[in-house]
Amino acid sequence: MEPFIIDGKKISQDIKDELKVKVADYKSKGIEITLAVIQIGDDIASTIYVRNKKRACEYIGINSRSYELPKDTSEEELIELIEKLNEDDSVNGILVQLPVPDYIDPMRVTSAISRKKDVDGFCPYNAGALSLNVDGFVSCTPAGILELLKRSNIEIDGQNCVIVGRSNIVGKPMGSLMLNNNATVTLTHSHTKNLKEVCKTADILIVGIGISEFITSEYVKEGAVVIDVGINRDENNKLTGDVLYEDVAPHCSAITPVPGGVGPMTIAMLMNNCVKSVEIQK
Ligand code: NDP
């Protein structure tokens, strides 16, 4: 069977173009949107992520303000800056690029961001709002996956969805989102027994574990939709997903590639949250 290949590059571009129009409309009414991006230290991967986020802002017409803090910045100094930005009416969104250095507690940091400016959707209020199915900022990667499914006309209502991985930024919010969209959800993790059999019950299988090409065709029901969240690098620095694509794809009705699947959606949904912040702050 030839699967439908879900094109995250194209869908994310469509979303950015739609947002560009919305931002221009806001501008014509005198409303500017500004994202504050805080990075601590000069980790190469973080620098690339931050640069890509700033580029997306520029493309859409959102102002970005950079705060590049030295590696030895204390937790107190970081939280002081966040509190200052919380109070600053000209800032709509605040993002702290993760991971932060070991001596800083990421939960304290994300909890310090005003829930109305938490465009990453990581603060306890927004995590709770998603779980209660009330309006708030939704974590960008799961929100991006939902958009991929919806824009590819994949039925969610009543489907069995198995999620592999239960992190606070991927698995758990993904579970809530699918549940809120009427899927029957199973959340699995490293202690799950008979993972292969559980995965084989999935109409929609979403994998975010961080182990290169872990999921083979033995985990996949014939005709399932497979979403690969993984971003790994092999010994030749080539990007790989958590799914062994060539083995799994012939058994799927639809699948995301790596790269070009979930990856590009995360920034598009961050931009979506920045635009949404105007409504939330009203
Ligand atoms: P974490 O390391 O925080 O979580 C990994 C999860 O996978 C944990 O819940 C862990 O279980 C589970 N797990 C690990 N090994 C197994 C196993 N053998 N069987 C079943 N479950 C297992 O990772 P993240 O959620 O942050 O990221 C996951 C992947 O997604 C990574 O490759 C990351 O790079 C990628 N990612 C991609 C994004 C994108 O934009 N496309 C954004 C964010 C992440 P347990 O809880 O029991 O330890």
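As a reminder, the structure under discussion sits directly above these lines.
Residues numbered from 1 in each chain as written. Predicted model: local features only at pLDDT ≥ 70, side-chain atom pairs only at ≥ 80, totals over all residues. Heavy atoms only, no water.

Chemist: How should I be thinking about the nonpolar core in this particular structure?
Modeler: Proteins that are soluble and globular tend to have nonpolar side chains buried together. Membership of the largest hydrophobic core comes to 51 residues, with the highest contact counts inside it found for L35, I62, L149, M178, I204, I206 and M271. Take this core: its biggest share by element is 10 residues, from helix α10 (residues 263-280). (Core = buried A, V, L, I, M, F, W, Y, C linked by side-chain atoms within 4.5 Å. Buried < 20%, exposed > 50% of the residue type's maximum accessible area, 1.4 Å probe, protein only. Helix = DSSP H or I, 4+ residues; strand = E, 2+ residues; numbered from the N terminus.)

Chemist: Looking at this structure, how should I read the layout of surface pockets?
Modeler: Unoccupied space between atoms shows up once a probe the size of one water molecule is rolled over them. In this model, the largest pocket occupies a volume close to 1,400 Å³. If you trace the largest pocket, you find 45 residues lining it, with Y49, T141, I231, G263 and T266 closest to the centre. Broken down by secondary-structure element, the contributors of at least two residues to the lining of the largest pocket are α2 (44-60), α6 (140-151), β9 (232-233) and α10. By residue class, the composition of the lining of the largest pocket is 23 nonpolar, 14 polar and eight charged. In this structure, the second largest pocket occupies an estimated 380 Å³ of space. (1 Å grid on protein atoms, 1.4 Å probe; cavity = no way out; pocket = protein on both sides within 12 Å on 5 of 7 lines; lining within 4 Å. Points joined across faces, edges and corners; volume = space filled by probe spheres on them. Nonpolar A, V, L, I, M, F, W, Y, C, P; charged D, E, K, R; others polar.)

Chemist: Help me out: how do you make sense of α10 in this one?
Modeler: Every α-helical turn comprises 3.6 residues, leaving residues that sit three or four positions apart pointing alike. Here α10 is 18 residues long and its end C-alpha atoms lie 26 Å apart, about the 26 Å a rise of 1.5 Å per residue gives. Packed against the buried residues of α10 are α1 (8-28), β2 (34-40), α2, β4 (93-96) and α6. (Expected span 1.5 Å × (residues − 1). Contact = heavy atoms within 4.5 Å.)

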